[in-house]
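Examining the three-dimensional arrangement
Here are the chains, one letter per residue:
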Amino acid sequence: ESDSEITVDNKLLPVNNTDIIINYSDPVMYEREGQVIIPGRVHFNGIRSRAEIIRQSGKVKVFGISFYPHGIYPLLKVPLNKFTGKVEDLCSILGNFSGIIADIMSDNSISTEERISKMEKIILEEMDYDCLGNEERRIFETFYTSNENMKSFCDKSGINIKYLERLFLRYTGASPKLFSRITRFQRVSREMLYYRNYSNLTELAYDGEYYDQTHFIKEFKYFSGVTPGEFLNGRKTVKHILSMEKY
């Protein structure tokens, strides 16, 4: 929430999860590949592989909920690959539920902490945890921390590659390969934005576990739209979703 009127004109970088946005201010405008999208008050962003621009002006009041990569499926109960690269109004999936959580967060008669607690409770009650089995959860959680390629991971886990692909497309919206690429980009761009100063691109490529500097530059430009050098020079204008509470 801003204390005064501001102009937001920021780049949103690809991240490996889905976010729900509740907007209490003037409409949010997303621009991607020349297309302008103006969603409703409560909307979510499916996983995406390209950067986009977010624009908004006035006094901004926005609340965001960020889920683990497979965490929003039990709430939506719809395959996430239907929303890959899209911005979708939550009411088109959950009907009046989107209005209920929006009303909770706009209730100024209770504290922000109480609103968050109340909203968490109703979201958790709406979730169907049985639609994602323990074995599927185990596969996701193991994959997230694995540095192995898909074949090695599947061999060790005793699963078929096609099965892994179906799981990821259904529950995250991305293939395992794309998911891994986005995760790697997200990790290195976060390092560049917030934590470390790098003297050369070779060091960045090495830390990011890319094959070489050429591979790193190609991948980075694919996801961000700019080279690593251009990104570093313009990083103060970049809005990066990193530290929201996850479910």
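As a reminder, the structure under discussion sits directly above these lines.
Residues numbered from 1 in each chain as written. Predicted model: local features only at pLDDT ≥ 70, side-chain atom pairs only at ≥ 80, totals over all residues. Heavy atoms only, no water.

**Structural notes on the sheet that holds strand 7 (residues 62–66)**
Across the sheet, 4 strands lie side by side as 7-2-5-8; this open sheet has antiparallel pairing. Edge positions in the sheet fall to strand 7 and strand 8 (87–89), since each of these pairs with one other strand and no more. If you compare each strand with its neighbour and ignore which way they point, the axes differ by 25° on average. Sheet topology places strand 2 (residues 19–23) next to strand 7; 5 bridges connect them, and they run antiparallel. (Pairing = 2+ DSSP bridges. Helix = DSSP H or I, 4+ residues; strand = E, 2+ residues; numbered from the N terminus. Axes fitted to C-alpha atoms, helices over the stretch in contact; angles between N-to-C directions.)

**Comments concerning unusual backbone geometry**
Even without being glycine, K77 reaches a positive phi, approximately 60°. One non-glycine residue, E209, lies in positive phi territory at about 65°. In this structure, E209 sits in the loop between helix 9 (201–207) and helix 10 (213–224). Owing to a relative accessible area of 47%, E209 belongs among the partly exposed residues under this scheme. (Buried < 20%, exposed > 50% of the residue type's maximum accessible area, 1.4 Å probe, protein only.)

**Points about the packing of aromatic side chains**
Scanning the model with the defined rule gives 16 aromatic pairs in all. When the centroid spacing of 5.7 Å and the interplanar angle of 65° are considered together, the rings of F216 and F220 count as edge-to-face. Of the two residues, F216 and F220 both sit in helix 10, 4 residues apart, roughly one turn of that helix. Residue F216 is classed as buried on the basis of its relative accessible area of 0%. An angle of 75° between the planes, with centres 5.1 Å apart, marks the rings of F220 and F231 as edge-to-face. Here F220, found in helix 10, pairs with F231, found in helix 11 (residues 228–233); they are 11 residues apart in sequence, far enough to count as distant. No difference in accessibility class separates F220 from F231, as the two residues are buried. Clustering of aromatic rings is evident, with ring pairs tying together Y73, F140, F143, Y144, F153, F168, Y171 and F179. Across from the ring centre of Y222, 3.7 Å away, lies the NZ or CZ of R50, which sits over that ring. (Phe/Tyr/Trp six-rings, centres within 6.5 Å; stacked < 30°, edge-to-face > 60°. Lys NZ or Arg CZ within 6 Å of the ring centre and 35° of its normal.)

Function-wise, these values are silent; they only describe arrangement.
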